[in-house]
Amino acid sequence: MSLLFSPLKIKDIVFKNRIVISPMCMYSAVDGYANDWHLVHYGSRAVGGAGLIIQEATAVSEEGRISTGDLGLYREEHSEMLQKITAFIHQHGAVAGIQLAHAGRKGCCSTVAPSAIAFAPEDNEPLALDEAGIQKVISDFRTAAQRALKAGYKLIEIHAAHGYLIHQFLSPLSNRRTDNYGGSFENRIRLLLEIVKEVQTVWPGNLPLFVRISATDWAEDGWDVDEAVQLASILNRNGVDLIDCSSGGLVPYQKIPVGPGYQVPFAERLRNESQILTSAVGLITDARQAEEILQKGQADLILIARESLRDPYYPLHAAKLLGDEIVWPQQYLRGK
Ligand SMILES: Cc1cc2nc3c(=O)[nH]c(=O)nc-3n(C[C@H](O)[C@H](O)[C@H](O)COP(=O)(O)O)c2cc1C
């Protein structure tokens, strides 16, 4: 049996294999509500054999949306369709997870940020959050986590990457605050720690909590891997189970050396130096490449994004390639 198809248990949740569908915005919601597209899209990937499906960035507030097509959990009624989706995913042996997000200055609608600095020169200047605004963001994450639990999700991933609000607080390039939330490393990570703590007041201790970070801004004087390692150690001590290691997205002038598995070294460093579980993501397409990452101890889970858009049954095909015998959906057995 390959490592890719070995189960992994985190807290009370067992993933049947190490293949995770990476969160990907579908830009197909209306007013934050999920619809049949989401049911079929996520459902297909559960049927396709993934161990875990992390639902796309789901906005914790209306103003926190990246686009007007974002899913949301900022109204009680948003949960109804999401309940159908999680039930279907679980019926097919995958675990339903959800990424909770706030876009900050990269939002579609009314933009807020740690400081009044726009993402790109042509963008409108965002409003710098005051103390009350920060407290609202924190409590919006808590409420969304509560609704996610009710909707049947077994795992939350807090989106602290890709230049969205939490990442904007982490990076000195976007955070120029002079209060408790800016300046020193301790101050820049404060918002994330407070969100984690608040989410934990409603999210059961036996269910996994992940955080996605950008391990580096890929820009001079920005957030970097050394700070990411420190943050991961602190999150580990604060009950976070896994760091999902992505990168970039904070500034338009970033220089990313993109190539196969280009972010794997971040997952490896955080895993080794922060003693926390990590996931690797980014241009991982071949099952043998995924298996090698696990065999070398560079990560604990493998996230697949675009390859899973090309092939919703990626895990079924990956098992064949690696020579693993796995259970196919009964309805598809004639195709095995
Ligand atoms: C259509 C699309 C939407 C995405 N939406 C999200 C998202 O909602 N949250 C997130 O953290 N990353 C998002 N990403 C990034 C992916 O999760 C992933 O990190 C990235 O695509 C690199 O992995 P890949 O090379 O396997 O595609 C998105 C990527 C794509 C292609």
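Above this text you will find the structure in question.
Residues numbered from 1 in each chain as written. Predicted model: local features only at pLDDT ≥ 70, side-chain atom pairs only at ≥ 80, totals over all residues. Heavy atoms only, no water.

Q: Let's hear about the packing of helix α3 (residues 131-150) against helix α6 (residues 190-200): which residues, and what values?
A: For the pair α3 and α6, interaxial distance at closest approach is 8 Å and the crossing angle is 35°. In terms of crossing hand, the pair formed by α3 and α6 is right-handed. Of α6, the residues touching α3 (which contributes Ile134, Gln135, Val137, Ile138, Phe141, Arg142 and Ala145) are Leu191, Glu194, Ile195, Glu198 and Val199. Class assignment for the residues of the contact of α3 with α6 results in eight nonpolar, one polar and three charged. (Axes fitted to C-alpha atoms, helices over the stretch in contact; angles between N-to-C directions. Helix = DSSP H or I, 4+ residues; strand = E, 2+ residues; numbered from the N terminus. Left-handed = near helix turned anticlockwise from the far one by under 90°. Contact = heavy atoms within 4.5 Å. Nonpolar A, V, L, I, M, F, W, Y, C, P; charged D, E, K, R; others polar.)

Q: Go over the site of the ligand, please, and point to the residues and values.
A: Taken together, the neighbourhood of the ligand is formed by 14 residues, with Ser22, Pro23, Gln99, Leu283 and Arg306 sitting nearest. Within the side chain of Arg212, a nitrogen or oxygen atom sits 2.8 Å from an oxygen atom of the ligand. Residue Ala305 places a main-chain N or O atom 3.0 Å away from an oxygen atom belonging to the ligand. (Near = heavy atom within 4 Å. Polar contact = N/O pair within 3.5 Å; in protein donor to acceptor, adjacent residues only side chain to side chain.)

Q: Please set out the side chain of Thr58 residue by residue, giving values where relevant.
A: Note on placement: Thr58 falls in strand β4 (residues 52-59). Reaching out from Thr58, the side chain makes a polar contact with the side chain of Gln55 at a distance of 3.0 Å. Among residues more than four places away in sequence, those in contact with Thr58 are Leu71, Gly72, Leu73, Ile98, Gln99, Leu100 and Ala101.

Q: Give a detailed account of the state of the cysteines, specifying residues and quantitative values.
A: One pass over the full model with this rule turns up one disulfide. Between the sulfur atoms of Cys108 and its disulfide mate Cys109 the distance is 2.3 Å. Where Cys108 bonds to Cys109 through sulfur, the torsion about that S-S bond is close to -60°, and the disulfide is left-handed. For Cys108, a relative accessible area of 32% corresponds to the partly exposed category. (Disulfide = S-S within 2.5 Å. Buried < 20%, exposed > 50% of the residue type's maximum accessible area, 1.4 Å probe, protein only.)

Q: Any details on the pattern of salt bridges? Residues and values, ideally.
A: What the rule picks out here adds up to 19 salt bridges. A salt bridge links Arg177 to Asp179, with the nearest nitrogen and oxygen atoms 2.8 Å apart. For Asp179, a relative accessible area of 29% puts it in the partly exposed group. One continuous salt-bridge network, built from bridges that share partners, spans Glu62, Arg65 and Arg75. (Salt bridge = Lys/Arg side-chain N within 4 Å of Asp/Glu carboxyl O.)

Q: Give me the lowdown on the nonpolar core, citing residues and values where you can.
A: Buried together is how nonpolar side chains tend to be arranged in soluble globular proteins. One finds Ile156, Ile158, Val211 and Ile243 to be the most contacted residues of the largest nonpolar core, which totals 101 residues. Not counting residues up to four positions away in its chain, the partners in contact with Ile156 are Ile98, Leu100, Ala145, Ala148, Val199, Trp203, Pro208, Leu209 and Phe210. With six residues, the next largest nonpolar core counts Cys25, Ile66, Ala101 and Ala103 among its residues. (Core = buried A, V, L, I, M, F, W, Y, C linked by side-chain atoms within 4.5 Å.)

Q: Can you tell me about helix α7 (residues 225-237), naming the residues and giving the values?
A: For α7, which comprises 13 residues, the first-to-last C-alpha distance of 18 Å matches the rise-based estimate of 18 Å (1.5 Å per residue) to within 8%. When we look at burial in α7, the residues that qualify are Val225, Glu227, Ala228, Val229, Leu231, Ala232, Ser233, Ile234 and Leu235. Check the buried side of α7 and you find it contacts α4 (165-170), α5 (185-188), α6, β10 (209-214), β11 (242-246) and α8 (264-274). A positive backbone phi angle near 85° is found at Gly239, which sits one or two residues after α7. (Expected span 1.5 Å × (residues − 1).)

Q: So what's going on with the environment of Arg212? Residues and values would help.
A: As for its position among the elements, Arg212 is in strand β10. Using a relative accessible area of 4% as the deciding quantity, one classes Arg212 as buried. The sequence separation of Arg212 and Gly297 amounts to 85 residues, and the corresponding C-alpha distance is 19 Å. A distance of 2.9 Å separates the side chain of Arg212 from the side chain of Ser22, its partner in a polar contact.

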